[in-house]
Amino acid sequence: MEYTEKVMEHFMNPRNVGEIEDASGVGTVGNASCGDIMRVFLKIEDNIITDAKFKTFGCGAAVATSSMATEMVRGLTVQEAMTVTNKAVLEALDGLPAVKTHCSVLAEEALRAALWDYACKNGITIPGLEAPKEDEHGH
Ligand code: FES
């Protein structure tokens, strides 16, 4: 299995690891097949994502995709953040081995769960955003 240079670089030097204490939205998702967990924190001001961080108990591919995804959403509006899909992140990383694609889905799901959390707390609707599979807040 081969990892691209960009994947290796983000894995060795992950951006945005940590948490945001006064996050506007937090999303936690798990991968049922490997048991790995991903949590994304978003700071949103005036509809703009001003900060994004992640914490994970996950593999290298999950780290690299979350690192890239948190980089990509920063500065976007919450609506624009919906364009940061699994596919977009994979393209930005020049791809992942096919067996690792499921790992990258974790980044997209955690990001969307954090957006969902924000939307619920603020009573807004983000076009195209659906409830996370496991909604820990019971909305
Ligand atoms: Fe679990 Fe990659 S093996 S996220």
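Coordinates for the structure precede this section.
Here the structure is a predicted model, which is why all the values come from computation and not from measurement.

1. Here we look at the sheet that holds strand 2 (residues 37–45)
Pairing is antiparallel across the open sheet formed by three strands, whose spatial order is 1-2-3. Every interior strand has two partners, whereas the edge strands, strand 1 (25–30) and strand 3 (48–57), have only one. Neighbouring strand axes in the sheet, compared pairwise and without regard to direction, differ in orientation by 15 degrees on average. Examined bridge by bridge, strand 1 and strand 2 share six bridges and lie antiparallel to one another. Counted as the bridge partner of valine 29 is methionine 38 from strand 2. Contacting strand 1, strand 2 and strand 3, helix 4 (residues 101–122) crosses the sheet at an angle of about 140 degrees to strand 1.

2. A closer look at helix 2 (residues 60–73)
With 14 residues, helix 2 should reach 20 Å at 1.5 Å per residue; the first-to-last C-alpha distance of 20 Å fits that figure. Counted residue by residue, helix 2 has 11 buried out of 14 residues, so it is predominantly covered. Three or more residues of helix 2 are buried, namely Ala61, Ala62, Val63, Ala64, Thr65, Ser66, Ser67, Met68, Ala69, Thr70 and Val73. In this structure, the buried side of helix 2 is in contact with helix 1 (5–12), strand 2, strand 3, helix 3 (86–92) and helix 4.

3. What to know about unusual backbone geometry
Look at asparagine 16: it is not a glycine, yet its phi comes out positive at around 65 degrees. By secondary structure assignment, the location of asparagine 16 is in the loop between helix 1 and strand 1. For asparagine 16, a relative accessible area of 13% gives the class buried. The backbone of aspartate 46 shows a phi angle near 50 degrees, a positive value even though the residue is not glycine. Mapping aspartate 46 onto the fold places it in the loop between strand 2 and strand 3.

4. With respect to the nonpolar core
Residues Leu42, Ile49, Val73 and Leu115 are the most contacted members of the largest nonpolar core, which totals 38 residues. Elements that contribute at least two residues to this core include exactly strand 2, strand 3, helix 2, helix 3 and helix 4. Among the elements that make up this core, the one with the highest residue count is helix 4 (11 residues).

Here is what the cut-offs are and how they apply
Residues numbered from 1 in each chain as written. Predicted model: local features only at pLDDT ≥ 70, side-chain atom pairs only at ≥ 80, totals over all residues. Heavy atoms only, no water. Pairing = 2+ DSSP bridges. Helix = DSSP H or I, 4+ residues; strand = E, 2+ residues; numbered from the N terminus. Axes fitted to C-alpha atoms, helices over the stretch in contact; angles between N-to-C directions. Contact = heavy atoms within 4.5 Å. Expected span 1.5 Å × (residues − 1). Buried < 20%, exposed > 50% of the residue type's maximum accessible area, 1.4 Å probe, protein only. Core = buried A, V, L, I, M, F, W, Y, C linked by side-chain atoms within 4.5 Å.

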